[in-house]
2 protein chains.
Amino acid sequence: MPPMSQSRPYHHGDLRSALLASAERTLREKGAAALSLRELARDIGVSHAAPGRHFKDKQALLDALALGGYDRLNRALVAADLPDAPLEPRLTGLARAYLTFAVDNPELLELMFARKHAPDIDTQLADAADLSLGSFVRLTAEAQRRGEIVEGDPEHLTLAAAAGIHGLASLIAADALPADEALAGLDDYVHLLLHGLKPR
Amino acid sequence: MPPMSQSRPYHHGDLRSALLASAERTLREKGAAALSLRELARDIGVSHAAPGRHFKDKQALLDALALGGYDRLNRALVAADLPDAPLEPRLTGLARAYLTFAVDNPELLELMFARKHAPDIDTQLADAADLSLGSFVRLTAEAQRRGEIVEGDPEHLTLAAAAGIHGLASLIAADALPADEALAGLDDYVHLLLHGLKPR
DNA sequence: ACCTGAACACCGTTCAAGT
DNA sequence: ACCTGAACACCGTTCAAGT
């Protein structure tokens, strides 16, 4: 621990983490548009130029937030995956974890999927997104191996399983779909995904 | 036609439309973040305070753009709907129209689904979104009446049919999914939606 | 290595005044 | 009714200088 002086210490100690934490709080409470580097600096008690030491510009901070979001989403999906469960509850579990993340972090999810990033960070974000998709890839691959889902290009099937869930998450994050309603109808939704809209 | 003076005429004539047109061009070319009222005014050749006459603030201009987007999306969906076609090609047609809109207007679609609008405009946007959903509502209602899709809450079924398509559109708009790939696989996707991931 | 303070070039918004 | 010009309070970013 660095010694704390009565007034503002010259070194913050861990300004980078403090900026990210404060930025995410602002994101959650007031939205991405209200995020100002100068205000963050004021809140933390540091000069307005200090953030520039840790993030080359505002976008770099947003990129870091987005990467952190993927990190947590990945962990949530991996934790929610039950590899030994039957297909339908297993897919429902993954879907529920994704929707729960959307409910808890709507603005962050929007940021994670906003394509305004620099080319180099874009590949990092794409890798992180692929990691999140990984849980769904594994599920479809194993289900296909067991003959529990139809034959065909595994990528197509993964997308078919995940696109709807992403759509629901995106609608929740956009406030276009009440979260409780989406979560309540999730079992039925996954059932339809597996069994189809046409009567059997 | 108002008389054109050699230099800037005092009245623009139709500044509101000019602002919207220029804003949408900027949105398309440089993204929403790069949109500045002062720059729009400069481009059009009007004082920086002039936009304030037509849009109470920047958000009001973005709201107008979003509403215009829904207008065009609605028309595209209605035009693409073939009420007498069999279920699967009919749904494919609607889906193709939606994805095409996403390909052609990625930033606008993002704006249409961004929930940063004032409460009163939010209901307008929600109404516009419901209108877009209307094509899917009619499709599922009629299909259900004919016994071509399973029984159940029509709202749930509409959502089940539309969520995946919205998810694909959102992934396209976010550059997370190559547009040509999504459009090429669309027939298969709709087939899976109707027939399910499980083998029959 | 990390931060400050001043400086620069931008913003959005408001408002008296002009036409 | 519609627009201007000045003014105000903010931004993000840079950079010499401080510790």
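Residues numbered from 1 in each chain as written. Chains lettered and ligands numbered in written order. Predicted model: local features only at pLDDT ≥ 70, side-chain atom pairs only at ≥ 80, totals over all residues. Heavy atoms only, no water.

Colleague: Any chance you could explain the packing of helix H8 (residues 154–173) of chain A against helix H8 (residues 154–173) of chain B here in plain terms?
Modeller: Geometry of a packed helix pair, given as the angle between the helix axes and the separation of the axes. Contact pair H8 of chain A / H8 of chain B: the axes reach a minimum separation of 7 Å and the direction vectors enclose 90°. In this view, H8 of chain A runs roughly perpendicular relative to H8 of chain B, as classed from their interaxial angle. Across the interface between the two elements, Leu159, Ala163, Gly164, His166, Gly167, Leu168, Ser170 and Leu171 of chain A from H8 of chain A touch Leu159, Ala163, Gly164, His166, Gly167, Leu168, Ser170 and Leu171 of chain B from H8 of chain B. (Axes fitted to C-alpha atoms, helices over the stretch in contact; angles between N-to-C directions. Helix = DSSP H or I, 4+ residues; strand = E, 2+ residues; numbered from the N terminus. Parallel < 35°, antiparallel > 145°, perpendicular 65-115°, else oblique. Contact = heavy atoms within 4.5 Å.)

Colleague: I tried to follow the environment of Arg90 of chain A on my own but got confused; where do I start?
Modeller: Residue and element names in this part refer to chain A. Residue placement: Arg90 occurs in helix H5 (residues 87–104). Taking the C-alpha atoms as reference, Arg90 lies 8.0 Å from Leu139; in sequence the two are 49 residues apart. Those residues in contact with Arg90 that lie beyond four places of it in its chain are Asp81, Leu82, Pro83, Ala85, Arg138, Leu139 and Glu142.

Colleague: Would you mind showing me how to read the relation of the copies chain A and chain B here?
Modeller: Copies of the same chain, two in number, are related to each other by a rotation about an axis and a translation along it. With an axial shift of 0.0 Å and an RMSD of 0.0 Å, the rotation relating chain A to chain B amounts to 180°. Expressed as an axis order, the relation between the two copies is that of a two-fold axis. Most of the interface of chain A is mirrored in chain B: 100% of its interface residues are interface residues there too. (Least-squares fit on C-alpha atoms with pLDDT ≥ 70 in both.)

Colleague: Could you clarify how one ought to interpret a negative patch on the surface in this entry?
Modeller: Taken together, the side chains of Asp153 and Glu155 of chain A together with Asp180 and Glu181 of chain B make up a negatively charged region of the molecular surface. On the basis of relative accessibility, which here comes to 38%, the residue Asp153 of chain A falls in the partly exposed class. (Patch = residues over 30% accessible without salt bridge, like charges linked within 9 Å, V, L, I, M, F, W, Y side chains within 5 Å. Areas by Shrake-Rupley, 256 points an atom, 1.4 Å probe, with all protein chains shown as cover. Salt bridge = Lys/Arg side-chain N within 4 Å of Asp/Glu carboxyl O. Lys, Arg positive; Asp, Glu negative; His and termini not counted. Charge placed at Lys NZ, Arg CZ, Asp CG, Glu CD. Buried < 20%, exposed > 50% of the residue type's maximum accessible area, 1.4 Å probe, protein only.)

Colleague: Honestly, the pattern of salt bridges in this entry has me stumped. Any pointers?
Modeller: If the charged atoms of two oppositely charged side chains come close together, the side chains can form a pair. Scanning the model with the defined rule gives 18 salt bridges over all chains in all. Between Glu24 of chain B and Arg28 of chain B there is a salt bridge, and its shortest N-O distance comes to 3.1 Å. Of this pair, Glu24 of chain B and Arg28 of chain B both sit in helix H1 (residues 15–30), four residues apart, which is roughly one turn of that helix. For Glu24 of chain B, a relative accessible area of 15% gives the class buried. Residue Arg28 of chain B is classed as partly exposed on the basis of its relative accessible area, which comes to 40%. Ionic pairing is found between Arg90 of chain B and Asp81 of chain B, a salt bridge with its closest N-O pair at 2.8 Å. It is possible to trace a salt-bridge network through shared partners that takes in Asp81, Arg90, Glu142 and Arg146 of chain A.

Colleague: Quick question: what am I supposed to make of the interface of chain A and chain B here?
Modeller: Note on interface size: it is often stated as the accessible area lost on association of the parts. Counting residues at the interface gives 39 residues for chain A and 39 residues for chain B. When the buried area of chain A at its contact with chain B is split by residue, Arg115, Leu197 and Lys198 of chain A rank highest and sum to 22% of it. At the boundary of chain A and chain B, one finds 16 residue pairs in polar contact (both at pLDDT 80 or more). Elements supplying a minimum of two residues to the side of chain A that touches chain B: helix H6 (106–112), H8 and helix H10 (186–195) of chain A. Of all the elements, H8 of chain A adds the most residues to the side of chain A that touches chain B, at 13 residues. When grouped by side-chain class, the residues that make up the side of chain A that touches chain B number 22 nonpolar, nine polar and eight charged. (Buried area = accessible area lost by both parts, 1.4 Å probe. Polar contact = N/O pair within 3.5 Å; in protein donor to acceptor, adjacent residues only side chain to side chain. Nonpolar A, V, L, I, M, F, W, Y, C, P; charged D, E, K, R; others polar.)

Colleague: What am I meant to see in the nonpolar core here?
Modeller: In a soluble, globular protein the nonpolar side chains are often hidden away together inside. In this structure, Leu65 of chain A together with Leu65 of chain B are the most contacted members of the largest nonpolar core, which totals 120 residues. Sequence-distant contacts of Leu65 of chain B, defined by excluding residues within four places in its chain, comprise Leu20, Ala23, Glu24, Leu27, Leu35, Leu108 and Leu111 of chain B. (Core = buried A, V, L, I, M, F, W, Y, C linked by side-chain atoms within 4.5 Å.)

Colleague: What should I look at first to understand the domain arrangement of chain A in this one?
Modeller: Residue and element names in this part refer to chain A. For chain A, the assigned domains read domain 1 (15–53) and domain 2 (63–195). Summarising the inter-unit geometry, the C-alpha centres of domain 1 and domain 2 are found 29 Å apart. When the buried area of domain 1 at its contact with domain 2 is split by residue, Glu24, Leu27 and Arg28 rank highest and sum to 68% of it. In this assembly, domain 1 and domain 2 are joined by one salt bridge. The interface formed by domain 1 and domain 2 holds three residue pairs in polar contact (both at pLDDT 80 or more) in total. Taken together, the residues of the side of domain 1 that touches domain 2 sort by class into four nonpolar, one polar and three charged. (Domains from an automatic or database assignment.)

Colleague: Where do I start with the confidence of the model for chain A in this structure?
Modeller: Across chain A, pLDDT averages 93, with 94% of residues at or above 70. For the stretch residues 1–7 of chain A, pLDDT sits under 50, and the model shows zero contacts to residues farther than four places along the chain or on other chains. (pLDDT = per-residue confidence, 0-100.)

Colleague: I'm lost on the packing of aromatic side chains in this one. Help?
Modeller: Each aromatic ring pair is described using two quantities: the centre-to-centre distance and the angle formed by the ring planes. Residues and elements named next belong to chain A. Taken as a whole and assessed by the stated rule, the structure comprises two aromatic pairs over all chains. The interplanar angle of 65° and the centroid separation of 6.2 Å between the aromatic rings of Tyr70 and Phe113 together place this pair among those described as edge-to-face. With Tyr70 in helix H4 (residues 58–80) and Phe113 in the loop between H6 and helix H7 (119–145), this pair connects stretches of sequence that are 43 residues apart. The exposure class of Tyr70 is buried, given its relative accessible area of 3%. Given the relative accessible area of 16%, Phe113 is considered buried. (Phe/Tyr/Trp six-rings, centres within 6.5 Å; stacked < 30°, edge-to-face > 60°.)

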